[in-house]
Amino acid sequence: MAVTDYKGVIAKIKQGELAGVYYFYGADLVQVEDMTRRLIRKATDGNEAMALTKYDGKSLDIQALSDSADLYPMMAPYNCIWISSFNAEKYSEEQLKQLFKVLDNSGDMTVIVFSITDFDVKDGKKAPAGKNKKLIDKIAKIGTVCEAIQRTFPEIARSLIAMAQKKGCAMGRGAADELVMRCMGNTIQLKNEMEKLCAHAGGREITEAMVRELVAPSVETTVFALAKAVITLRSSAAMEELNRLYAMRTSRTFIVHAVASAFTDLYRACVAWRSNKTVSDMQKDFEYRFDFVVKNAFRDCRKIPPERLRACISVLRDLEKKLNSSSADERILMETAIVKMLEIASGRMEPAYD
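Residues numbered from 1 in each chain as written. Predicted model: local features only at pLDDT ≥ 70, side-chain atom pairs only at ≥ 80, totals over all residues. Heavy atoms only, no water.

## Focus on the environment of Leu-190
- Structurally, Leu-190 can be placed in helix H9 (residues 187–201).
- Take Leu-190: its relative accessible area is 2%, and that puts it in the buried class.
- Separated by 25 residues in sequence, Leu-190 and Val-215 place their C-alpha atoms 9.8 Å apart.
- With residues near it in sequence (within four places) discarded, Leu-190 still touches Ile-156, Leu-160, Leu-179, Val-180, Cys-183 and Gly-185. (Helix = DSSP H or I, 4+ residues; strand = E, 2+ residues; numbered from the N terminus. Buried < 20%, exposed > 50% of the residue type's maximum accessible area, 1.4 Å probe, protein only. Contact = heavy atoms within 4.5 Å.)

Below, the structure is given as C-alpha coordinates:
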(Lines give C-alpha, C1' and ligand atoms only; values in the text may rest on other atoms or scores of the structure.)
Protein backbone atom coordinates (compact mmCIF):
# COMPACT_ATOMS: atom_id res chain seq x y z
CA MET A 1 0.00 0.00 0.00
CA ALA A 2 2.58 2.61 0.96
CA VAL A 3 6.09 3.72 1.74
CA THR A 4 5.59 6.70 4.01
CA ASP A 5 7.28 8.86 6.65
CA TYR A 6 6.95 9.10 10.41
CA LYS A 7 4.26 11.80 10.35
CA GLY A 8 2.24 9.86 7.80
CA VAL A 9 2.31 6.70 9.94
CA ILE A 10 1.31 8.57 13.11
CA ALA A 11 -1.56 10.34 11.30
CA LYS A 12 -2.98 7.05 9.97
CA ILE A 13 -2.69 5.39 13.38
CA LYS A 14 -4.54 8.27 15.04
CA GLN A 15 -7.30 7.96 12.45
CA GLY A 16 -7.53 4.22 13.06
CA GLU A 17 -6.63 3.40 9.46
CA LEU A 18 -4.40 0.39 10.08
CA ALA A 19 -2.65 -1.72 7.48
CA GLY A 20 -2.22 -5.47 7.86
CA VAL A 21 1.59 -5.43 7.90
CA TYR A 22 4.14 -2.79 8.92
CA TYR A 23 7.92 -2.54 8.66
CA PHE A 24 9.60 0.18 10.76
CA TYR A 25 13.35 0.84 10.59
CA GLY A 26 15.84 3.68 10.35
CA ALA A 27 18.47 5.79 12.10
CA ASP A 28 16.03 7.57 14.41
CA LEU A 29 15.41 4.73 16.84
CA VAL A 30 13.15 6.85 19.04
CA GLN A 31 10.75 7.32 16.13
CA VAL A 32 10.89 3.59 15.32
CA GLU A 33 10.00 2.76 18.93
CA ASP A 34 7.31 5.46 19.04
CA MET A 35 5.58 4.22 15.88
CA THR A 36 5.69 0.65 17.18
CA ARG A 37 4.32 1.62 20.59
CA ARG A 38 1.50 3.75 19.15
CA LEU A 39 0.51 1.08 16.62
CA ILE A 40 0.38 -1.68 19.24
CA ARG A 41 -1.66 0.48 21.62
CA LYS A 42 -4.14 1.35 18.86
CA ALA A 43 -4.44 -2.20 17.51
CA THR A 44 -4.97 -3.74 20.95
CA ASP A 45 -6.94 -0.83 22.37
CA GLY A 46 -4.44 -0.90 25.22
CA ASN A 47 -5.21 -4.53 26.03
CA GLU A 48 -1.80 -5.97 25.14
CA ALA A 49 -2.07 -8.86 27.57
CA MET A 50 -4.98 -10.32 25.58
CA ALA A 51 -4.23 -9.21 22.02
CA LEU A 52 -0.47 -8.94 21.54
CA THR A 53 1.90 -11.75 20.57
CA LYS A 54 5.64 -11.02 20.59
CA TYR A 55 8.28 -12.82 18.54
CA ASP A 56 12.06 -12.46 18.58
CA GLY A 57 13.08 -12.14 14.94
CA LYS A 58 16.46 -13.67 15.66
CA SER A 59 14.80 -17.07 16.05
CA LEU A 60 11.40 -16.74 14.39
CA ASP A 61 9.29 -19.89 14.15
CA ILE A 62 7.38 -19.18 10.94
CA GLN A 63 4.83 -21.96 11.54
CA ALA A 64 4.08 -20.52 14.99
CA LEU A 65 3.74 -17.10 13.37
CA SER A 66 1.32 -18.56 10.82
CA ASP A 67 -0.81 -20.04 13.61
CA SER A 68 -0.84 -16.71 15.47
CA ALA A 69 -1.76 -14.77 12.35
CA ASP A 70 -4.94 -16.87 11.98
CA LEU A 71 -6.22 -16.09 15.47
CA TYR A 72 -9.28 -13.92 15.96
CA PRO A 73 -8.86 -10.98 18.36
CA MET A 74 -10.40 -11.29 21.79
CA MET A 75 -11.42 -8.14 23.66
CA ALA A 76 -9.44 -5.94 21.23
CA PRO A 77 -9.93 -4.46 17.75
CA TYR A 78 -7.10 -6.47 16.21
CA ASN A 79 -4.94 -9.52 16.76
CA CYS A 80 -1.54 -7.79 16.98
CA ILE A 81 1.81 -9.49 16.31
CA TRP A 82 5.10 -7.74 17.06
CA ILE A 83 8.29 -9.13 15.47
CA SER A 84 11.51 -7.47 16.66
CA SER A 85 15.06 -7.77 15.31
CA PHE A 86 14.14 -9.71 12.17
CA ASN A 87 17.13 -9.80 9.82
CA ALA A 88 16.02 -11.48 6.60
CA GLU A 89 19.64 -12.19 5.66
CA LYS A 90 19.74 -14.81 8.43
CA TYR A 91 16.94 -16.85 6.83
CA SER A 92 16.88 -19.08 3.76
CA GLU A 93 15.00 -18.28 0.57
CA GLU A 94 12.54 -21.07 1.39
CA GLN A 95 11.87 -19.59 4.83
CA LEU A 96 11.25 -16.19 3.27
CA LYS A 97 8.77 -17.72 0.84
CA GLN A 98 6.93 -19.23 3.80
CA LEU A 99 6.99 -15.88 5.57
CA PHE A 100 5.62 -14.07 2.52
CA LYS A 101 2.80 -16.61 2.34
CA VAL A 102 1.94 -15.89 6.00
CA LEU A 103 1.89 -12.15 5.31
CA ASP A 104 -0.35 -12.62 2.24
CA ASN A 105 -2.82 -14.85 4.07
CA SER A 106 -3.04 -13.25 7.52
CA GLY A 107 -6.57 -12.41 8.59
CA ASP A 108 -8.24 -9.05 8.07
CA MET A 109 -8.30 -8.56 11.84
CA THR A 110 -4.56 -9.20 12.24
CA VAL A 111 -1.84 -6.51 12.35
CA ILE A 112 1.79 -7.62 12.04
CA VAL A 113 4.60 -5.14 12.76
CA PHE A 114 8.31 -5.67 12.11
CA SER A 115 10.30 -3.26 14.29
CA ILE A 116 14.07 -3.03 13.67
CA THR A 117 16.19 -1.21 16.25
CA ASP A 118 19.28 -3.34 16.84
CA PHE A 119 20.97 -3.52 13.43
CA ASP A 120 21.39 -1.36 10.34
CA VAL A 121 19.02 -2.62 7.66
CA LYS A 122 21.04 -0.68 5.07
CA ASP A 123 24.31 -2.19 6.32
CA GLY A 124 26.08 1.16 5.86
CA LYS A 125 24.84 1.59 2.29
CA LYS A 126 22.42 4.12 0.81
CA ALA A 127 19.53 1.67 0.62
CA PRO A 128 18.59 -1.81 1.84
CA ALA A 129 19.80 -4.71 -0.27
CA GLY A 130 19.51 -8.48 -0.54
CA LYS A 131 16.85 -10.33 1.40
CA ASN A 132 15.96 -7.37 3.59
CA LYS A 133 15.13 -5.38 0.46
CA LYS A 134 12.95 -8.25 -0.75
CA LEU A 135 11.05 -8.21 2.54
CA ILE A 136 10.68 -4.42 2.48
CA ASP A 137 9.47 -4.45 -1.13
CA LYS A 138 6.96 -7.18 -0.28
CA ILE A 139 5.56 -5.29 2.71
CA ALA A 140 5.45 -2.04 0.71
CA LYS A 141 3.04 -3.76 -1.71
CA ILE A 142 0.68 -5.20 0.90
CA GLY A 143 1.19 -2.94 3.92
CA THR A 144 3.19 0.07 5.14
CA VAL A 145 6.94 0.64 5.25
CA CYS A 146 8.51 3.57 7.09
CA GLU A 147 12.15 4.51 7.40
CA ALA A 148 12.68 6.84 10.36
CA ILE A 149 15.15 9.30 8.86
CA GLN A 150 17.62 10.91 11.26
CA ARG A 151 16.29 14.34 12.12
CA THR A 152 18.41 17.45 11.65
CA PHE A 153 20.24 19.12 14.52
CA PRO A 154 17.62 21.92 14.92
CA GLU A 155 14.73 19.43 14.74
CA ILE A 156 16.21 17.28 17.48
CA ALA A 157 16.94 20.33 19.64
CA ARG A 158 13.33 21.54 19.27
CA SER A 159 12.01 18.10 20.17
CA LEU A 160 14.11 18.12 23.37
CA ILE A 161 12.72 21.51 24.34
CA ALA A 162 9.18 20.22 23.74
CA MET A 163 9.93 17.08 25.76
CA ALA A 164 11.13 19.19 28.67
CA GLN A 165 7.99 21.32 28.54
CA LYS A 166 5.77 18.23 28.66
CA LYS A 167 7.55 17.20 31.85
CA GLY A 168 7.10 20.63 33.41
CA CYS A 169 10.63 21.92 32.84
CA ALA A 170 11.99 24.80 30.80
CA MET A 171 14.93 24.27 28.46
CA GLY A 172 16.69 26.87 26.37
CA ARG A 173 18.11 26.31 22.90
CA GLY A 174 21.68 26.49 24.24
CA ALA A 175 21.10 23.62 26.65
CA ALA A 176 19.35 21.58 23.94
CA ASP A 177 22.22 22.16 21.50
CA GLU A 178 24.77 21.14 24.12
CA LEU A 179 22.87 17.92 24.82
CA VAL A 180 22.58 17.02 21.12
CA MET A 181 26.31 17.54 20.60
CA ARG A 182 27.25 15.53 23.70
CA CYS A 183 25.13 12.62 22.49
CA MET A 184 26.05 13.10 18.79
CA GLY A 185 22.37 12.93 17.89
CA ASN A 186 21.85 9.41 19.26
CA THR A 187 18.11 9.55 19.80
CA ILE A 188 17.90 6.69 22.28
CA GLN A 189 20.67 8.20 24.40
CA LEU A 190 19.06 11.64 24.15
CA LYS A 191 15.76 10.24 25.36
CA ASN A 192 17.41 8.58 28.36
CA GLU A 193 19.44 11.68 29.22
CA MET A 194 16.33 13.87 29.03
CA GLU A 195 14.56 11.60 31.53
CA LYS A 196 17.50 12.03 33.90
CA LEU A 197 17.77 15.79 33.40
CA CYS A 198 14.03 16.39 33.90
CA ALA A 199 14.03 14.31 37.07
CA HIS A 200 17.03 16.26 38.37
CA ALA A 201 15.57 19.64 37.41
CA GLY A 202 12.31 18.89 39.20
CA GLY A 203 10.36 21.59 37.36
CA ARG A 204 13.26 24.03 37.18
CA GLU A 205 15.05 25.09 34.00
CA ILE A 206 17.49 22.65 32.45
CA THR A 207 20.58 24.78 31.89
CA GLU A 208 23.74 24.29 29.83
CA ALA A 209 25.71 23.97 33.07
CA MET A 210 23.36 21.20 34.21
CA VAL A 211 23.84 19.35 30.91
CA ARG A 212 27.64 19.59 31.17
CA GLU A 213 27.55 18.42 34.78
CA LEU A 214 25.21 15.46 34.37
CA VAL A 215 25.75 14.22 30.80
CA ALA A 216 29.04 12.62 29.87
CA PRO A 217 30.15 13.49 26.33
CA SER A 218 30.03 10.69 23.77
CA VAL A 219 33.19 9.05 22.50
CA GLU A 220 32.82 10.91 19.19
CA THR A 221 32.49 14.27 20.95
CA THR A 222 35.56 13.52 23.08
CA VAL A 223 37.57 12.50 20.02
CA PHE A 224 36.78 15.76 18.23
CA ALA A 225 37.69 17.69 21.40
CA LEU A 226 41.06 15.90 21.35
CA ALA A 227 41.62 16.85 17.71
CA LYS A 228 40.66 20.46 18.43
CA ALA A 229 43.04 20.56 21.41
CA VAL A 230 45.86 19.45 19.11
CA ILE A 231 45.28 22.05 16.41
CA THR A 232 44.86 24.80 19.01
CA LEU A 233 48.11 23.69 20.70
CA ARG A 234 46.56 22.86 24.10
CA SER A 235 48.69 19.89 25.09
CA SER A 236 47.21 19.45 28.58
CA ALA A 237 43.67 19.45 27.17
CA ALA A 238 44.67 16.89 24.51
CA MET A 239 46.01 14.51 27.16
CA GLU A 240 42.92 15.05 29.32
CA GLU A 241 40.68 14.04 26.41
CA LEU A 242 42.83 10.94 25.86
CA ASN A 243 42.40 10.10 29.56
CA ARG A 244 38.62 10.41 29.12
CA LEU A 245 38.67 8.04 26.16
CA TYR A 246 40.54 5.44 28.17
CA ALA A 247 38.18 5.98 31.10
CA MET A 248 35.33 5.12 28.72
CA ARG A 249 37.12 1.82 28.02
CA THR A 250 37.37 2.74 24.36
CA SER A 251 39.39 0.27 22.30
CA ARG A 252 42.66 1.50 20.85
CA THR A 253 41.49 0.68 17.33
CA PHE A 254 38.41 2.85 17.71
CA ILE A 255 40.42 5.70 19.23
CA VAL A 256 42.89 5.77 16.33
CA HIS A 257 40.18 5.48 13.68
CA ALA A 258 37.98 8.09 15.35
CA VAL A 259 40.80 10.61 15.81
CA ALA A 260 41.86 10.06 12.19
CA SER A 261 38.24 10.62 11.15
CA ALA A 262 38.14 13.89 13.11
CA PHE A 263 41.31 15.11 11.39
CA THR A 264 39.88 14.02 8.04
CA ASP A 265 36.81 16.16 8.76
CA LEU A 266 39.09 19.11 9.46
CA TYR A 267 41.11 18.50 6.30
CA ARG A 268 38.01 18.22 4.14
CA ALA A 269 36.68 21.46 5.64
CA CYS A 270 40.01 23.19 5.10
CA VAL A 271 40.12 22.22 1.43
CA ALA A 272 36.43 23.08 0.98
CA TRP A 273 36.84 26.49 2.60
CA ARG A 274 39.91 27.30 0.46
CA SER A 275 37.91 26.26 -2.62
CA ASN A 276 35.01 28.56 -1.72
CA LYS A 277 32.73 25.61 -0.94
CA THR A 278 30.02 25.87 1.72
CA VAL A 279 29.05 23.82 4.75
CA SER A 280 26.08 22.42 2.83
CA ASP A 281 28.37 21.49 -0.09
CA MET A 282 30.63 19.43 2.17
CA GLN A 283 27.73 17.90 4.05
CA LYS A 284 26.13 16.77 0.79
CA ASP A 285 29.35 15.57 -0.86
CA PHE A 286 30.35 13.35 2.09
CA GLU A 287 26.85 12.52 3.40
CA TYR A 288 27.29 13.84 6.94
CA ARG A 289 24.23 13.21 9.14
CA PHE A 290 24.49 16.52 11.00
CA ASP A 291 25.55 19.93 9.77
CA PHE A 292 27.02 20.88 13.16
CA VAL A 293 29.89 18.41 12.61
CA VAL A 294 30.74 20.20 9.37
CA LYS A 295 30.18 23.67 10.86
CA ASN A 296 32.58 22.91 13.70
CA ALA A 297 35.16 21.59 11.24
CA PHE A 298 34.81 24.75 9.10
CA ARG A 299 35.25 26.88 12.22
CA ASP A 300 38.33 25.08 13.51
CA CYS A 301 40.16 24.19 10.28
CA ARG A 302 41.30 27.78 9.73
CA LYS A 303 43.64 27.52 12.70
CA ILE A 304 46.07 25.22 10.85
CA PRO A 305 47.38 24.91 7.25
CA PRO A 306 46.19 21.89 5.24
CA GLU A 307 49.68 20.42 4.88
CA ARG A 308 49.93 20.16 8.68
CA LEU A 309 46.56 18.43 8.84
CA ARG A 310 47.75 15.92 6.24
CA ALA A 311 50.88 15.33 8.26
CA CYS A 312 48.81 14.66 11.40
CA ILE A 313 46.76 12.11 9.49
CA SER A 314 50.02 10.44 8.43
CA VAL A 315 51.12 10.29 12.07
CA LEU A 316 47.89 8.49 12.92
CA ARG A 317 48.40 6.08 10.03
CA ASP A 318 51.90 5.28 11.29
CA LEU A 319 50.53 4.92 14.83
CA GLU A 320 48.09 2.24 13.72
CA LYS A 321 50.90 0.35 11.98
CA LYS A 322 53.02 0.45 15.15
CA LEU A 323 50.13 -0.64 17.34
CA ASN A 324 49.52 -3.64 15.09
CA SER A 325 53.16 -4.69 14.71
CA SER A 326 54.95 -3.58 17.87
CA SER A 327 55.01 -4.86 21.44
CA ALA A 328 55.59 -1.34 22.76
CA ASP A 329 53.22 0.02 25.38
CA GLU A 330 50.00 1.15 23.72
CA ARG A 331 49.50 4.21 25.91
CA ILE A 332 53.05 5.42 25.32
CA LEU A 333 52.61 5.10 21.56
CA MET A 334 49.32 7.03 21.72
CA GLU A 335 50.80 9.85 23.81
CA THR A 336 53.91 10.02 21.60
CA ALA A 337 51.72 10.42 18.52
CA ILE A 338 49.74 13.22 20.16
CA VAL A 339 52.95 15.05 21.12
CA LYS A 340 54.21 14.66 17.54
CA MET A 341 50.94 16.09 16.17
CA LEU A 342 51.20 19.02 18.60
CA GLU A 343 54.72 19.68 17.28
CA ILE A 344 53.48 19.56 13.69
CA ALA A 345 50.48 21.79 14.43
CA SER A 346 52.71 24.39 16.08
CA GLY A 347 55.13 24.45 13.16
CA ARG A 348 58.05 23.31 15.31
CA MET A 349 58.23 20.06 13.32
CA GLU A 350 58.26 20.03 9.53
CA PRO A 351 55.32 18.10 8.02
CA ALA A 352 56.38 14.70 6.76
CA TYR A 353 53.90 12.59 4.80
CA ASP A 354 53.63 10.50 1.71
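## Notes on the packing of helix H11 (residues 219–231) against helix H15 (residues 291–300)
- Where H11 meets H15, the axes come as close as 11 Å, and the angle between the chain directions of the two elements is 10°. It follows from the interaxial angle that H11 and H15 lie roughly parallel. The residues of H15 that touch H11, namely those facing Phe-224, Lys-228 and Ile-231, are Asn-296, Ala-297, Arg-299 and Asp-300.
- Of the residues belonging to the contact of H11 with H15, the class tally is 3 nonpolar, 1 polar and 3 charged. (Axes fitted to C-alpha atoms, helices over the stretch in contact; angles between N-to-C directions. Parallel < 35°, antiparallel > 145°, perpendicular 65-115°, else oblique. Nonpolar A, V, L, I, M, F, W, Y, C, P; charged D, E, K, R; others polar.)

## Observations regarding the environment of Ala-262
- Structurally, the position occupied by Ala-262 is in helix H13 (residues 252–274).
- Sequence separation between Ala-262 and Ile-231 is 31 residues; the distance between their C-alpha atoms is 11 Å.

## Observations concerning empty space enclosed by the protein
- Here the structure, examined in full by the defined rule, presents 1 cavity of 30 Å³ or more.
- Taken as a whole, the largest cavity spans an internal volume of roughly 50 Å³.
- Residue lining of the largest cavity: Leu-226, Ile-255, Val-256, Val-259, Leu-316, Leu-319, Met-334, Ala-337, Ile-338 and Met-341, and that is the complete set.
- At the level of secondary structure, the elements contributing two or more residues to the lining of the largest cavity comprise H13, helix H16 (306–325) and helix H17 (330–346).
- A breakdown of the residues in the lining of the largest cavity according to their chemical character gives 10 nonpolar, no polar and no charged. (1 Å grid on protein atoms, 1.4 Å probe; cavity = no way out; pocket = protein on both sides within 12 Å on 5 of 7 lines; lining within 4 Å. Points joined across faces, edges and corners; volume = space filled by probe spheres on them.)

## A few points about helix H1 (residues 6–15)
- All of the buried residues along H1 are Val-9, Ile-10 and Ile-13. One side of H1 carries all its buried residues, which in axial view fall inside an arc of 95°. Within H1, the exposed residues directed more than 90 degrees away from the buried face are Lys-7, Lys-14 and Gln-15.
- Residues of H1 that are buried in the fold lie against strand S1 (2–4), strand S2 (21–26), helix H2 (29–44) and strand S6 (144–148).
- Looking one or two residues beyond H1, the residue adopting positive phi is Gly-16, at roughly 80°. (Arc of directions from axis to C-beta.)

## A short note on the packing of H16 against H17
- With their axes 9 Å apart at the nearest point, H16 and H17 run at an angle of 165° to one another. By the angle between their axes, H16 is roughly antiparallel relative to H17. The interaxial crossing formed by H16 with H17 has right-handed handedness. Residues Arg-308, Ala-311, Cys-312, Val-315, Leu-316, Leu-319, Lys-322 and Leu-323 of H16 touch H17, and the partners they reach there are Glu-330, Leu-333, Met-334, Ala-337, Lys-340, Met-341, Ile-344, Ala-345 and Ser-346. (Left-handed = near helix turned anticlockwise from the far one by under 90°.)

## Remarks on unusual backbone geometry
- The phi angle at Met-184 is positive, at roughly 50°, despite the residue not being glycine.
- Following the sequence through the fold, Met-184 ends up in the loop between helix H8 (173–183) and H9.
- Despite not being glycine, Asn-276 has its phi angle at roughly 60°, a positive value.
- Here Asn-276 lies in the loop between H13 and helix H14 (279–286).
- Judged by relative accessible area, which is 71%, Asn-276 ranks as exposed.

## Focus: the state of the cysteines
- One pass over the structure, following the stated rule, counts 0 disulfides.
- The closest cysteine sulfur to the non-disulfide-bonded Cys-169 is located on Cys-198, 4.4 Å from its own sulfur.
- According to the relative accessible area criterion, Cys-169 is buried, its value standing at 5%. (Disulfide = S-S within 2.5 Å.)

## Side note on the layout of surface pockets
- In this structure, the second largest pocket spans a volume of roughly 840 Å³.
- The wall of the second largest pocket is formed by 25 residues, among which Tyr-6, Val-30, Asp-34, Arg-151 and Ser-159 lie closest to the centre.
- Within the residue set of the lining of the second largest pocket, elements represented by two or more residues are H1, H2, S6, helix H7 (153–166) and H9.
- In terms of residues, the lining of the second largest pocket owes the most to one element, H7, which gives 7 residues.
- Classifying every residue of the lining of the second largest pocket gives 9 nonpolar, 3 polar and 13 charged.

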